[in-house]
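# Descriptive analysis of the structure
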Amino acid sequence: MKELAIITPGGMYSQGVYDAFKEKLDQIFQYDLPQVDLSQYKAVMISNTIDEEFLYKHKEIISTYLDNGGIICSFAQNFKLWLPGNSLYTLSPTPIKDRVINVKNDHLIFKGITEYDLNYRKGVKGFFNRGYFQEPEGAEVVLTDSDDKTVMYIDRKTTKGTILSGAGTDLITFGFNQGTTVDRLAEQFLEWIEDEVARMKGVNA
Amino acid sequence: MKTAVIYNGYSFNYNFYENKNGKYKNRFDKRIYILDLPDTDLMEFDLVIVPGRTNQQLLYKNSEKFIDYLEAGKWLVSCGEMPEQWLPNVKWTYTPTNFTWWLSEDEDLPLIPPNPEHPLFKHTELENAKWHYHGFFTPPEGATAIINNENGGAILYEDNVSFKGKAIITSLDPMYHFGQGFMPKTEPFLDGFLAWIEEKFENEMVGGRK
């Protein structure tokens, strides 16, 4: 049993990347969620591709885990209200070629990653993100787009736990083996989780 | 033509119906949620569409259901890759995805129609099929290849030989891209592809021989 888990749809393109993190990351097949005790994990990620009808049906599993001080990191493009505080994904009307994703306050997760490497993969834009959220009140905004819309936020107010929610921004897979500054994304994200766990322990001490 | 589309509850499945002011919202008769598939009677439909990235394990578990459906003379469209062989005679091979070819004006994504006069191309031009693909199929003997890659692997083919009905198999995934809101070509491709299937059904099943 690992300290981290990711809920996945099983058998998608990203499967191989998640497999590469198997030393640190348990994979939970989405339809097994009701049978899994999430409280054993410090943090639970939710992959970009996920059955939101099913998550919505079992949303109390997510909210209970959070209210017990858990950390949820979601990369979903939410269209159902299963994640506390989330106000659903909006596809940006700005053409991808004109839209830029920016990091706020040099956040640890994205430290040292250039704007170009975050926005382009082999010269093509749009892999990382194509939409945004309205962040919950009091949330820390981590990423914005060039229209100043919120692409990723950290919400420590809505529940007793921590929610990191990115509008489709998969922090594990996006930087995997790209050969650019974005390669460090997953490791820095995992470091941020460790920091967040320590911070929450401090809060609760 | 009564059509059902498999629905996985993924955001791009949901947004397929919502994007472009709900263009496809009422285009099909039913969305079959993947977990409801075992309890759904497919026989009430003429055509079942399986969008790209549909959960392969669950499709595999319902393999017999699809075979029974096709053996009843019904039609099925499968989009995207098929790493789990949930239909017999479908041979899938992954290839690296060339998603950057269009960055250079001189580059092309080679797609070759064995029959350039195929009726599909009355409804959509070959250029509309050129975004990228993740692999190819090796059709069974007697099947009709409609679009091949440069090495002869099928990107789109029609299988009239494996079942009493018809399986139209493509490695293209237009519904995924329309649902994600990028890759504009996928829309005219999908419109033409659906129009071709509907015309074909009208010719072969309604006014035609069956």
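Please read these numbers as outputs of a predicted model, since none were measured by experiment. (Residues numbered from 1 in each chain as written. Chains lettered and ligands numbered in written order. Predicted model: local features only at pLDDT ≥ 70, side-chain atom pairs only at ≥ 80, totals over all residues.)

Here we come to the overall build of chain B. When helices and strands are tallied, chain B shows six helices and 10 strands. The C-alpha radius of gyration of chain B comes to 16 Å, within 12% of the 17 Å expected for a compact globule of 210 residues. On the principal axes, the C-alpha backbone points of chain B span a range of 50 × 40 × 35 Å. Looking at the 210 residues of chain B, the share that counts as buried comes to 40%. (Helix = DSSP H or I, 4+ residues; strand = E, 2+ residues; numbered from the N terminus. Rg over C-alpha atoms; globule rule 2.2 N^0.38 Å. Buried ≥ 20, exposed ≤ 12 C-beta atoms within 10 Å, placed from the backbone.)

A word on the interface of chain B and chain A. The interface is formed by 19 residues belonging to chain B together with 21 residues belonging to chain A. Among the elements of the structure, α1 (11–22) and α2 (56–61) of chain B are those that each provide at least two residues to the side of chain B that touches chain A. Top contributing element to the side of chain B that touches chain A by residue count: α1 of chain B, with four residues. Of the residues in the side of chain B that touches chain A, the class split is seven nonpolar, 11 polar and one charged. (Contact = placed C-beta atoms within 7 Å. Nonpolar A, V, L, I, M, F, W, Y, C, P; charged D, E, K, R; others polar.)

Below, the discussion takes up unusual backbone geometry. Negative phi characterises most residues that are not glycine, and trans characterises most peptide bonds. All names here are of chain A. Of note, Lys122 is a non-glycine position whose phi angle comes to about 50°, a positive value. On the secondary structure map, Lys122 appears in the loop between β7 (120–121) and β8 (124–125). The phi dihedral of Asp148 is positive, around 65°, even though this residue is not glycine. Secondary-structure assignment places Asp148 in the loop between β10 (140–145) and β11 (150–155).

With 12 residues, α1 of chain B should cover 16 Å at 1.5 Å per step; its first-to-last C-alpha distance of 14 Å lies more than 12% under that length. Turning to α1 of chain B, its buried residues are Ser11, Phe12, Asn13, Tyr14, Phe16 and Tyr17 of chain B. Where the residues of α1 of chain B are buried, they touch α2 (52–57) of chain A together with β1 (3–7) and α5 (174–180) of chain B. (Expected span 1.5 Å × (residues − 1).)

All right, on to helix α5 (residues 185–204) of chain A then. Residues and elements named next belong to chain A. The terminal C-alpha atoms of α5, which comprises 20 residues, lie 28 Å apart, in line with the 28 Å expected from a rise of 1.5 Å per residue. All of the buried residues in α5 are Leu185, Ala186, Phe189, Trp192, Ile193 and Glu196. Down the axis of α5, the buried set is contained in an arc of 105°. They therefore lie on one face. Turned more than 90 degrees away from the buried face of α5, the exposed residues are Asp195, Ala198, Lys201 and Gly202. Buried residues in α5 make contact with β1 (4–8), β3 (43–46), β4 (71–74) and β12 (162–166). (Arc of directions from axis to C-beta.)

Attention shifts here to the environment of Ser92 of chain A. Residue and element names in this part refer to chain A. Relative to the elements of secondary structure, Ser92 occurs in the loop between β5 (90–91) and β6 (101–103). In the structure, Ser92 is positioned 92 residues away from Arg184 in sequence and 27 Å away in space, judged by C-alpha atoms. Setting aside chain neighbours within four positions, we find Ser92 in contact with Arg99, Arg130, Gly131, Tyr132, Asp145 and Lys149.

So, about the confidence of the model for chain B. When pLDDT is averaged along chain B, the result is 95, and 99% of the positions lie at 70 or above. Model confidence for the complex is summarised by a pTM of 0.95, with the ipTM given as 0.95. (pLDDT = per-residue confidence, 0-100.)

All names here are of chain B. Within strand β4 (residues 75–79), five of the five residues are buried, which leaves it mostly tucked inside the rest of the structure. Side chains Trp75, Val77 and Cys79 of β4 all project onto a buried face; the interleaved residues Leu76 and Ser78 project onto the opposite face, where all are buried too. Pairing of β4 with strand β10 (residues 166–170) involves five bridges; the strand directions are parallel. Residue pairing across strands places Val77 opposite Ile168, the latter belonging to β10. (Pairing = 2+ DSSP bridges.)

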